[in-house]
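Below are the chains, spelled out letter by letter.
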Amino acid sequence: MRYFLRRLGLFALTAWAAITLNFLLPRLMPGSPADAAIARLSQNGPVDAATRAAVEAQLGVPTGSVLSQYWDYLGNVVTLDFGVSYTFFPSTVASLVGSALPFTLVLVGLVTVAAFVIGTLVGVLAAWRRGTRLDALPTLTGSFLAAFPYFWTALLLLFFLGYTFRLFPTSGAYSPYTTPGLNGPFLADAVAHAVLPAVTILLTSLGGWILGMRNAMIGTLGEDYVTFAEANGLRSRTVALRYAARNAILPNLTGFGLALGGVVGGSLLVEQVFAYPGVGYLLYNAVTNQDYPLMQALFLMITLSVLVANFVVDTLYGILDPRTRR
Amino acid sequence: MTTPTTLPDPGGSESEHPAGAPDAAPPDLPTAAPPRWRVVTRGAGTVWANRKARLGLLVLAFFVLVAVLAPVIAPYGPTANDFARGAGPSAAHPFGTTAAGEDVLSQVVFGARISLLVGFVAGALSTLVAVLVGLSWGYVRGPLAEVVNFVTNLFLVIPGLPLMIVIAAYLQNSGLDMIIFVVVLTGWAWGARVLRSQTQSLRGRDFVTAAQFSGERSWRVVFREILPNMTSIIASSFFGAATAAIIAESGLSFLGLGDTTQVSWGTMLFWAQNSNALLTGQWVLLLAPGLCIALLATSLSLVNFGVDGLSNPRLREGSGR
């Protein structure tokens, strides 16, 4: 119990540190949003003080001491008030994030779970049949696919399946002629749009799970208790799953927990290639348009969700491996 | 080798041997220890004996050679742009030309330099940090471990790509050193965490307890007793970090957040997408840079397979002969 309370305290402390870091980061960097806007304006001629004040007021550049800014910021974080987006004015940051989140959660979430389950099982098989073709094929293709840059796999699929053979839609999450909601035509259309991004993420993430599980299990296969179990004449499936795999799955489980936390951040590069309106694409747009309120809110949300996942994984670790509790 | 000396003794034993005291030399060291160069060549031989690793080393050597000899191999300069625009493959330009009239083959050849540089520098730096942090963090108990835990968690929770592009957005103009810096900043924590878990499970082993009771100092227990057992994990975390750095660099360049005037495989894809190479069907321009990134990254992963056998002889390929 003490272990969990301590973890909880640490979690709260880390969350506070992350929130504070998100506050400090833009203030540590040279320049401000107003500076960037004024730099663009000054290309057309000199900018006077009144224009500057107007730009700063329009962009909501914070006034007052850093401490009072920090206090306001903490209040805004608690009430989820992240202000108004620069690029999508007058939409609020919260509404923009709210409309992007469902697409990312469904697409990236489902693919992450599928990749973990398939990859881990293949990894177990590969480690158990180490040195055979059953090992070489998945580990070689897995590591080759994992080495592909996400965006390049996405570009290739887009080029061949999207443009050359016209099998799937090339951009967006649904066609403009469908009405979003729980109706047949929309769902079918959304699935068709999700196929290419989903296949991209699955192909590129599968190798990591296979290799992770295989390498960890090869470590446990060298342990005495596995040799002992084999010498005892236990069925090989029992040895592989109950002895070797069970002790080797911890690192993969850690990675899975963190990957689930990362789902909220979406898959930026893939979403960018397919113009898929998820969180990653929103962040990309915020960055390229220097939309600071949107960028800051997204970055905070992505960081905090990974943080929560990390906390859950740490807690599970304590349950699964009592040795770490000491 | 300076920080570990400050580690508290985890066993709580009071006996601190003064440095250089005669009895500090453990009597149970193998007397006929092979010279260091023999250990290195034997390790290299172990990796080379693995067929996958040999393939990886050959591919890696090929790219290193291309990068070093780039001015000799490339038919033109990487930024020479006085050729026909967007031309298909021909005798003069085997890979065709870009929409800006540059020779694609020359750009691919020179692009190897950036990827290798970023991969090896960022990979080595983040592995160094990961080893120092991970091993001491896994070995010590008490408040110091909690502080390290806190700092590492903070770095772990910050997702790499979003952090990189957010910093790039704030800085507006990021060069290669900035990319390396951010890759190391976000990359070391993973390795540190893996090494810490392994250290935690090793620190309770009998040989560690024996080393502690024989009065070895903490840094020696950590770096001479525990570290050699993790050679393969450290080596694989280096190759993993280098792969991640190469892919991160290409991703940032592809998004146009790096220096877009510098010729790297990532910026080639950035310009390819921006000049609609997808629509005009210039598939070589699309295929070549990405394939190079993938091949280089794969060669590093392949070397990793040979590394498995370093610390566990039973995993060596063909050791059953």
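Rules used throughout
- Residues numbered from 1 in each chain as written.
- Chains lettered and ligands numbered in written order.
- Predicted model: local features only at pLDDT ≥ 70, side-chain atom pairs only at ≥ 80, totals over all residues.
- Heavy atoms only, no water.
- Helix = DSSP H or I, 4+ residues; strand = E, 2+ residues; numbered from the N terminus.
- Buried < 20%, exposed > 50% of the residue type's maximum accessible area, 1.4 Å probe, protein only.
- Contact = heavy atoms within 4.5 Å.
- Areas by Shrake-Rupley, 256 points an atom, 1.4 Å probe, with all protein chains shown as cover.
- pLDDT = per-residue confidence, 0-100.
- Expected span 1.5 Å × (residues − 1).
- Polar contact = N/O pair within 3.5 Å; in protein donor to acceptor, adjacent residues only side chain to side chain.
- Core = buried A, V, L, I, M, F, W, Y, C linked by side-chain atoms within 4.5 Å.
- Buried area = accessible area lost by both parts, 1.4 Å probe.
- Salt bridge = Lys/Arg side-chain N within 4 Å of Asp/Glu carboxyl O.
- Nonpolar A, V, L, I, M, F, W, Y, C, P; charged D, E, K, R; others polar.
- Domains from an automatic or database assignment.
- Axes fitted to C-alpha atoms, helices over the stretch in contact; angles between N-to-C directions.
- Parallel < 35°, antiparallel > 145°, perpendicular 65-115°, else oblique.
- Left-handed = near helix turned anticlockwise from the far one by under 90°.

Engineer: Help me understand the overall build of chain B in this model?
Structural biologist: A count of helices and strands for chain B gives 13 helices and zero strands. Within chain B, the proportion of its 321 residues that are buried is 51%. Expressed as a percentage of contacts within chain B between residues at least 6 apart in sequence, the contacts between residues at least 24 apart total 69%. Of the roughly 14600 Å² of accessible surface on chain B, a fraction of 65% belongs to carbon and sulfur atoms.

Engineer: Help me out: how do you make sense of the confidence of the model for chain B in this one?
Structural biologist: When pLDDT is low, close inspection of the predicted coordinates is not appropriate. Residue and element names in this part refer to chain B. Overall, the predicted model of chain B reaches an average pLDDT of 77, with 83% of residues at or above 70. Taken element by element, chain B is modelled with least confidence in helix H12 (residues 277–280), mean pLDDT 70, and with most confidence in helix H2 (residues 51–68), mean pLDDT 90. Across residues 1–31, confidence stays below pLDDT 50; counting only partners more than four residues off in sequence or on other chains, it has 25 contacts. Across the whole predicted complex the pTM is 0.75, and at the interface the ipTM reaches 0.74.

Engineer: Which parts of the structure should I look at to understand unusual backbone geometry?
Structural biologist: Glycine aside, residues mostly have negative phi, and peptide bonds are mostly found in the trans state. Residue and element names in this part refer to chain A. In this structure, Ala275 is a non-glycine residue whose phi angle is positive, near 50°. Here Ala275 shows up in the loop between helix H11 (268–273) and helix H12 (279–288). Relative accessible area serves as the criterion here: at 23%, Ala275 is assigned to the partly exposed category.

Engineer: Sorry if this is basic, but what is going on with helix H6 (residues 160–171) of chain B here?
Structural biologist: Residue pairs three or four apart in sequence face the same way in an α-helix, which turns once every 3.6 residues. Between the first and last C-alpha of H6 of chain B there are 16 Å, a value that for twelve residues agrees with the 16 Å anticipated at 1.5 Å per step. A large share of H6 of chain B lies buried, amounting to nine of its twelve residues. Three or more residues of H6 of chain B are buried, namely Pro162, Leu163, Met164, Ile165, Val166, Ile167, Ala168, Ala169 and Tyr170 of chain B. The elements touched by buried residues of H6 of chain B are helix H1 (2–28), H11, H12 and helix H13 (292–320) of chain A together with helix H7 (176–202) and helix H10 (231–254) of chain B.

Engineer: Where do I start with the side chain of Ser136 of chain B in this structure?
Structural biologist: By the secondary structure assignment, Ser136 of chain B is in helix H4 (residues 104–139). Polar contacts involving the side chain of Ser136 of chain B include one to the main-chain carbonyl oxygen of Leu132 of chain B, which spans 2.3 Å.

Engineer: Can you help me understand H4 of chain B in this one?
Structural biologist: Helix length check: H4 of chain B, at 36 residues, gives a terminal C-alpha distance of 51 Å against a target of 52 Å (1.5 Å per residue), a fit within 8%. Here H4 of chain B lies mainly inside the structure; 26 of its 36 residues are buried.

Engineer: Help me understand the nonpolar core in this model?
Structural biologist: Considering soluble globular proteins, one finds that nonpolar side chains tend to be buried as a cluster. Counting residues in hydrophobic clusters, the biggest one holds 105 residues, and the most contacted among them are Val273, Leu283, Leu294 and Met295 of chain A together with Ile165, Trp265 and Leu269 of chain B. Ranked by residues supplied to this core, first place goes to helix H13 (residues 283–311) of chain B with ten residues. Ignoring any residue separated from it by four or fewer positions in sequence, one finds Leu269 of chain B in contact with Phe151, Trp152 and Leu155 of chain A together with Phe254, Leu285, Leu286, Pro289, Gly290 and Ile293 of chain B. One finds Val133, Ala189, Leu202 and Ile226 of chain B within the second-largest nonpolar core, a separate group that totals 19 residues.

Engineer: Even after reading the chapter, I still don't get the interface of chain A and chain B, so can you show me in this structure?
Structural biologist: The extent of an interface is frequently quoted as the accessible surface area lost upon association of the parts. In this assembly, 61 residues from chain A lie in contact with 55 residues from chain B. Both faces combined, the contact of chain A with chain B buries some 5100 Å², and carbon together with sulfur accounts for 73% of it. For the chain A face of the interface with chain B, the top three residues by lost area are Phe151, Trp152 and Phe159 of chain A, together amounting to 11%. Its salt-bridge partner being Arg205 of chain B, residue Glu223 of chain A comes within 3.9 Å of it at the nearest N-O pair. If you list the elements that add at least two residues to the side of chain A that touches chain B, you get H1, helix H6 (133–147), helix H7 (150–164), helix H8 (184–221), helix H10 (236–263), H11, H12 and H13 of chain A. Here the side of chain A that touches chain B gets eleven residues from one element, more than from any other, and that element is H13 of chain A. Partitioned by chemical class, the residues of the side of chain A that touches chain B number 40 nonpolar, 13 polar and eight charged.

Engineer: Explain the domain arrangement of chain A to me, please; I cannot follow it from the model alone.
Structural biologist: Residue and element names in this part refer to chain A. Under the domain assignment used here, chain A contains domain 1 (2–78) and domain 2 (96–325). The C-alpha-based centres of domain 1 and domain 2 are spaced at 33 Å. Opposite the 18 residues of domain 1 that make contact, domain 2 presents 16 residues. Carbon and sulfur atoms supply 75% of the area buried between domain 1 and domain 2, which totals about 1500 Å² over both sides.

Engineer: For this particular structure, what's the right way to read the environment of Val108 of chain B?
Structural biologist: Residue and element names in this part refer to chain B. Here Val108 lies in helix H4. In this structure Val108 comes out as buried when scored by relative accessible area, which is 9%. Separated by 21 residues in sequence, Val108 and Ala87 have C-alpha atoms that sit 16 Å apart. If sequence neighbours within four positions are ignored, Val108 has contacts with Phe95, Trp265, Met268, Ala288 and Cys292.

Engineer: Where do I start with the packing of H10 of chain B against helix H11 (residues 265–274) of chain B in this structure?
Structural biologist: Two quantities define a packed helix pair, namely the angle between the helix axes and the distance between the axes. Residues and elements named next belong to chain B. The geometry of H10 relative to H11 is characterised by a closest axis approach of 7 Å and an angle of 30° between their N-to-C directions. Classified by the angle their axes make, H10 and H11 are roughly parallel. In this structure, H10 meets H11 at a crossing whose hand is right-handed. Residue-level contacts link Ser250, Ser253 and Phe254 of H10 to Gly266, Thr267, Leu269, Phe270 and Gln273 of H11. Its residues assigned to classes, the contact of H10 with H11 shows three nonpolar, five polar and no charged.

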